[in-house]
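Residue-level listing of the chains:
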Amino acid sequence: VAQTFTQLDAVVPMFERCFGPYRWCRIGYIATKKGSMEHVNNIALAREFMDDPNSAHGRITIPHEFGHAWFGNLVTCRTEADMWFNEGGASFTSEVAREATDGREASIAFYQENLENVIRTAHITDGRYLPLSPMPHSLTYGSTTYDKGALVWHSLRGYLGDSVFYAAMQRLFTD
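Attention here is on the structure that accompanies the text. Only a predicted model underlies this, so the values are computations on that prediction, with no experimental measurement involved.

**With respect to the packing of aromatic side chains**
Each pair of aromatic rings is reported with the distance of its centres and the angle of its planes.
So, step 1. Under the counting rule described, the total for this entry stands at 20 aromatic pairs.
So, step 2. Consider the rings of Phe-19 and Tyr-166, whose centres lie 5.9 Å apart with planes at 75°: the pair is edge-to-face. With a gap of 147 residues between them, Phe-19 in helix 1 (residues 8-19) and Tyr-166 in helix 7 (residues 162-174) connect regions that are remote in the sequence.
So, step 3. A relative accessible area of 0% means that Phe-19 is categorised as buried.

This is the structure we're talking about:
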């Protein structure tokens, strides 16, 4: 289990460089039989993601739930209709985590895979093409919210460039 979390050695400093300081008193994870969810100081993580340090889902889910320390815990959506902010932002942090652990090229490949998935399947998975907001209640936690939401954050980073984008993110999370 401990080996699974070694990615945080690179991810935590990267997130703090990108999004500002971690503001909670500790980083904690607890195993659950089913499902993962962010909680300040104590992230619930499906046990299956802890058992295999090479698990692709674990490498995505661990930083995603940790990313909620910024996207969700510091700044959150006003209503569930705008959940793309929280979940898309946390999904974007999985891309940033990949950059921290495996380099920029791996991060770009991770983004490209998500982009292709959204273009090919999000409308099928969610039953139709959807805007990010307002999201119908029944699809609050669908592919459009998570995957297309992450693409918005990635696109903003691309348009603004890293220095402006991350300075804006830090300012947002500070204010």
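From this point, the discussion proceeds with the structure in view.
**A closer look at the environment of Met-50**
So, step 1. Structurally, Met-50 is set in helix 2 (residues 47-51).
So, step 2. Between the C-alpha atom of Met-50 and that of Ser-155, which follows or precedes it by 105 residues, the distance is 31 Å.

**Regarding the packing of helix 1 against helix 3 (residues 56-67)**
So, step 1. At a minimum axis distance of 11 Å, the contact between helix 1 and helix 3 shows a crossing angle of 30°. Of the two elements, helix 1 crosses helix 3, and the hand of that crossing is right-handed. In this structure, helix 1 contributes Leu-8, Val-11, Val-12 and Phe-15 to the contact, and helix 3 contributes Ile-62, Pro-63, Phe-66 and Gly-67.
So, step 2. Looking at the contact of helix 1 with helix 3 residue by residue, the classes come out as seven nonpolar, one polar and no charged.

**Here we look at helix 3**
So, step 1. The first and last C-alpha atoms of helix 3 sit 17 Å apart over 12 residues, in line with the 16 Å expected at 1.5 Å per residue.
So, step 2. Where the residues of helix 3 are buried, they touch helix 1, strand 1 (29-32), strand 2 (43-46), helix 2, helix 4 (84-102) and helix 6 (143-160).

**A closer look at helix 4**
So, step 1. Over its 19 residues, helix 4 runs 26 Å from end to end, which matches the ideal 27 Å to within 8%, given 1.5 Å per residue.
So, step 2. Once helix 4 finishes, Gly-103 follows within two positions and takes phi at roughly 100°, a positive value.

**Some remarks on the nonpolar core**
Side chains that are nonpolar tend, in soluble globular proteins, to be buried together.
So, step 1. Counting residues in each nonpolar core, the largest one holds 33 residues, and the members touching the most others are Phe-19, Tyr-29, Phe-66 and Trp-70.
So, step 2. Where this core is concerned, the elements lending two or more residues are helix 1, strand 2, helix 2, helix 3, helix 4, helix 6 and helix 7.
So, step 3. Looking at this core, the element that brings in the most residues is helix 1, giving seven residues.
So, step 4. If near-sequence neighbours (up to four positions away) are discounted, Trp-70 is found in contact with Phe-15, Glu-16, Phe-19, Gly-20, Pro-21, Tyr-22, Val-75 and Phe-173.

What counts and how
- Residues numbered from 1 in each chain as written.
- Predicted model: local features only at pLDDT ≥ 70, side-chain atom pairs only at ≥ 80, totals over all residues.
- Heavy atoms only, no water.
- Phe/Tyr/Trp six-rings, centres within 6.5 Å; stacked < 30°, edge-to-face > 60°.
- Helix = DSSP H or I, 4+ residues; strand = E, 2+ residues; numbered from the N terminus.
- Buried < 20%, exposed > 50% of the residue type's maximum accessible area, 1.4 Å probe, protein only.
- Axes fitted to C-alpha atoms, helices over the stretch in contact; angles between N-to-C directions.
- Left-handed = near helix turned anticlockwise from the far one by under 90°.
- Contact = heavy atoms within 4.5 Å.
- Nonpolar A, V, L, I, M, F, W, Y, C, P; charged D, E, K, R; others polar.
- Expected span 1.5 Å × (residues − 1).
- Core = buried A, V, L, I, M, F, W, Y, C linked by side-chain atoms within 4.5 Å.

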